[in-house]
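Chain by chain, the residues:
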Amino acid sequence: MILTASMLTDQLHEFGDPAGKIMRMRKEEKIFQLTRGLYETDPDVPGQCLAGAIYGPSYLSFDYALSLYNLIPEAVYAFTSATFRKRRTKNYTNRFGRYMYRDVPDAVFSFGITIRKEHGYEYRIAVPEKALCDKLYTMPPVTSVKDIRKMMFEDLRINEDEFANLDAESILQVGDRYHSNNLKYLIRYIRSNL
C-alpha cells in the first residue's frame, strides 16, 4: 500500500515522535521510501505499479512499453514514463527500480492510454501505437521517410512484424498532434504503405 508521510504521521500520532518512528520503520524495512514523503508497505509489489504514484500525472511509455509489447528486442531496466508540462526530465531510484519521466505534448497526453490492474494496484500505460509515437517524438528529427524507416528498423530495431500489426489508424489520428518532424514522416511512411 502506498502511504504519504502525512498518512503515516496520522497513523502514528500516539507515538511521541512520529518522524522518528517512521525512520525506525524504514530501517526495519516495514516501509520503503519511494521518494521524499512517499512510502510503500509491500516489498514485493512490481515496480511498474508504482510509476504513476512516484511522479505524475504520468503513464508508462517509451522504451519500457516498447519492450513490453515486443516492439524492440532489448530488455529495459528502467520504468520510463510520459508526463506533460513538467519542462524537465526526472529520475528516481529506489528499491523497486529506476524511474525516468519526460514530457510529451499536452495535446497527446491523454490519448492512447490503457489502465492495467496488477497486484492490487492500477497503473496507466501507453498502447503500443502511442508508445512508439512517444519514443519517436523524443528522438533527433529526421528529414525524410527514408530516414524515419532507418530510425525505426535499424536504430531502434523495431520488430517489423510487430510494427505491421499496429493499428495504423491510431497512429494517424494522434501523430499530427505532436507537431514533430519524426511523426510527420511516420505518417507519410504509413500512408505510403497502406
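Residues numbered from 1 in each chain as written. Predicted model: local features only at pLDDT ≥ 70, side-chain atom pairs only at ≥ 80, totals over all residues. Heavy atoms only, no water.

A word on the overall build of the protein
Looking only at helices and strands, one finds 10 helices and nine strands in the protein. The C-alpha extent of the protein, read off along each of the three principal axes, is 70 × 30 × 25 Å. Put simply, the protein has 194 residues, and 46% of those count as buried. Partitioning the intrachain contacts of the protein with sequence separation of at least 6 by distance along the chain shows that 57% fall at a separation of at least 24. Split by element, the accessible area of the protein, about 10600 Å² in all, is 47% carbon and sulfur. Of the charged side chains in the protein, 27 are positive and 25 negative, and the gap between their average positions amounts to 7 Å. (Helix = DSSP H or I, 4+ residues; strand = E, 2+ residues; numbered from the N terminus. Buried < 20%, exposed > 50% of the residue type's maximum accessible area, 1.4 Å probe, protein only. Contact = heavy atoms within 4.5 Å. Areas by Shrake-Rupley, 256 points an atom, 1.4 Å probe, with all protein chains shown as cover. Lys, Arg positive; Asp, Glu negative; His and termini not counted. Charge placed at Lys NZ, Arg CZ, Asp CG, Glu CD.)

Overview of the nonpolar core
If you look at the biggest cluster of nonpolar residues, it comprises 56 residues, and the most contacted ones within it are Tyr 99, Leu 136, Met 152, Ile 158, Phe 163 and Leu 186. Top contributing element to this core by residue count: helix H10 (residues 181–193), with six residues. Residues Leu 8, Ile 22, Met 25 and Ile 31 belong to the second largest nonpolar core, which totals seven residues. (Core = buried A, V, L, I, M, F, W, Y, C linked by side-chain atoms within 4.5 Å.)

Digging into the packing of aromatic side chains
Scanning the model with the defined rule gives 12 aromatic pairs in all. Between Phe 84 and Phe 109 the ring centres are 4.5 Å apart and the planes differ by 45°, which places this aromatic pair in the tilted class. Note that Phe 84 is positioned in the loop between strand S5 (78–83) and strand S6 (90–94) and Phe 109 in helix H5 (residues 106–109), a separation of 25 residues in sequence. Among the residues examined, Phe 84 registers a relative accessible area of 23% and is labelled partly exposed. (Phe/Tyr/Trp six-rings, centres within 6.5 Å; stacked < 30°, edge-to-face > 60°.)

Thoughts on the packing of helix H9 (residues 168–175) against H10
Between H9 and H10, the shortest axis-to-axis distance is 10 Å and the interhelical angle comes to 145°. Every pair of crossing elements has a handedness; the one defined by H9 and H10 is left-handed. Side by side, H9 and H10 meet where Ala 168, Ile 171, Leu 172 and Gly 175 of the first sit next to Leu 183, Leu 186, Ile 187, Ile 190 and Arg 191 of the second. Taken together, the residues of the contact of H9 with H10 break down into seven nonpolar, one polar and one charged. (Axes fitted to C-alpha atoms, helices over the stretch in contact; angles between N-to-C directions. Left-handed = near helix turned anticlockwise from the far one by under 90°. Nonpolar A, V, L, I, M, F, W, Y, C, P; charged D, E, K, R; others polar.)

Quick notes on the pairing of S5
In terms of burial, S5 is largely enclosed, as six of its six residues are buried. Where strand S4 (residues 59–60) and S5 come together, two bridges link them in antiparallel fashion. When the sheet's bridge partners are listed, Leu 60 is paired in S5 with Ser 81. (Pairing = 2+ DSSP bridges.)

What about H9?
What H9 keeps buried is the set Ala 168, Ile 171, Leu 172, Val 174 and Gly 175. Where H9 is buried, its residues meet H5, helix H6 (128–138) and H10. At the N-terminal boundary of H9, the capping side chain belongs to Asp 167, with an oxygen 3.2 Å from the backbone nitrogen of Glu 169. (Polar contact = N/O pair within 3.5 Å; in protein donor to acceptor, adjacent residues only side chain to side chain.)

Observations regarding the packing of H6 against H10
Where H6 meets H10, the axes come as close as 8 Å, and the angle between the chain directions of the two elements is 130°. Compared by their axis directions, H6 and H10 come out oblique. For the pair formed by H6 and H10, the contact residues are Cys 133, Leu 136 and Tyr 137 on the first element and Asn 182, Leu 183 and Leu 186 on the second. Split into classes, the residues belonging to the contact of H6 with H10 amount to five nonpolar, one polar and no charged. (Parallel < 35°, antiparallel > 145°, perpendicular 65-115°, else oblique.)

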